[in-house]
Amino acid sequence: LMLQVAKDALEKEAADIAAEKEAYLNEHCPPLSIPHSMTDLQELCKKLHAKIDVVDEERYDMEVKVQKSSKELEDLNQKIFDLRGKFKRPPLRRVRMSADAMLRALLGSKHKVNMELRANLKQVKKEDTDKEKDLRDVGDWRKNIEEKSGMEGRKKMFESEA
């Protein structure tokens, strides 16, 4: 029973919409009288094209106004967020990336940066200094400790310093 009532209501609503549409078209659109001569048809087409051009210009102007106002609204909303100090932060995901890949992503592919620092170092020959020679001459540290162990070793150490 309820389905039947709903179906009747939908049919009545569709009929009302169709009647309103018909009334609107009769009121705003006069009936079209198509002339039979070729020149009259050409004049009618020219008039219709002129009307179409006017309507297109108005539509374009309206679109531009809407775009301008929407851009202005976005700017004002951004100013409001700036003044409040509340910013929308996008949710960030953790990404596992090597340092080389991160620099390549930031700087672009034109910059070739290698994070291996040892590759950029110069090779330097090591020169023997006097300290290193002295350290090598001292020899094994165990022998040195055995010599300085006990009271005689400490006495020798103080005597050599003084």
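A quick note: this is a predicted structure, and the numbers were derived from the prediction, not measured.

## What about the overall build of the protein chain?
Consideration 1: Tallying secondary structure elements over the protein chain gives six helices and zero strands in all.
Consideration 2: Counting from the amino terminus, the protein chain carries its helices and strands in the arrangement α-α-α-α-α-α.
Consideration 3: Here the protein chain holds 162 residues, and 1% of them are scored as buried.

## Points about the pattern of salt bridges
Consideration 1: Taken as a whole, this structure holds three salt bridges when the rule is applied.
Consideration 2: With a closest N to O distance of 2.9 Å, Glu63 and Arg59 form a salt bridge. Taken together, the residues span about one helical turn, with Glu63 and Arg59 both in helix 2 (residues 38–84) at a distance of four residues.
Consideration 3: Lys71 serves as the salt-bridge partner of Asp75, at 4.0 Å between the closest nitrogen and oxygen.

## Some remarks on a negative patch on the surface
Consideration 1: A cluster of like negative charges, contributed by Asp53, Glu57, Glu58 and Asp61, occupies part of the molecular surface.
Consideration 2: When you line up the elements, Glu57 lands in helix 2.
Consideration 3: For Glu57, a relative accessible area of 53% puts it in the exposed group.

## Details of the layout of surface pockets
Consideration 1: Taken as a whole, the largest pocket spans an internal volume of roughly 160 Å³.
Consideration 2: Residue lining of the largest pocket: Pro30, Pro31, Leu32, Ser33, Leu44, Leu48 and Lys51, and that is the complete set.

## Some words on the confidence of the model for the protein chain
Consideration 1: In this model, the protein chain carries a mean pLDDT of 79, and residues with pLDDT of at least 70 account for 67%.
Consideration 2: When mean pLDDT is taken per element in the protein chain, helix 1 (residues 2–28) scores highest with 93 and helix 4 (residues 130–138) scores lowest with 59.

What counts and what doesn't
- Residues numbered from 1 in each chain as written.
- Predicted model: local features only at pLDDT ≥ 70, side-chain atom pairs only at ≥ 80, totals over all residues.
- Heavy atoms only, no water.
- Helix = DSSP H or I, 4+ residues; strand = E, 2+ residues; numbered from the N terminus.
- Buried < 20%, exposed > 50% of the residue type's maximum accessible area, 1.4 Å probe, protein only.
- Salt bridge = Lys/Arg side-chain N within 4 Å of Asp/Glu carboxyl O.
- Patch = residues over 30% accessible without salt bridge, like charges linked within 9 Å, V, L, I, M, F, W, Y side chains within 5 Å.
- Areas by Shrake-Rupley, 256 points an atom, 1.4 Å probe, with all protein chains shown as cover.
- Lys, Arg positive; Asp, Glu negative; His and termini not counted.
- Charge placed at Lys NZ, Arg CZ, Asp CG, Glu CD.
- 1 Å grid on protein atoms, 1.4 Å probe; cavity = no way out; pocket = protein on both sides within 12 Å on 5 of 7 lines; lining within 4 Å.
- Points joined across faces, edges and corners; volume = space filled by probe spheres on them.
- pLDDT = per-residue confidence, 0-100.

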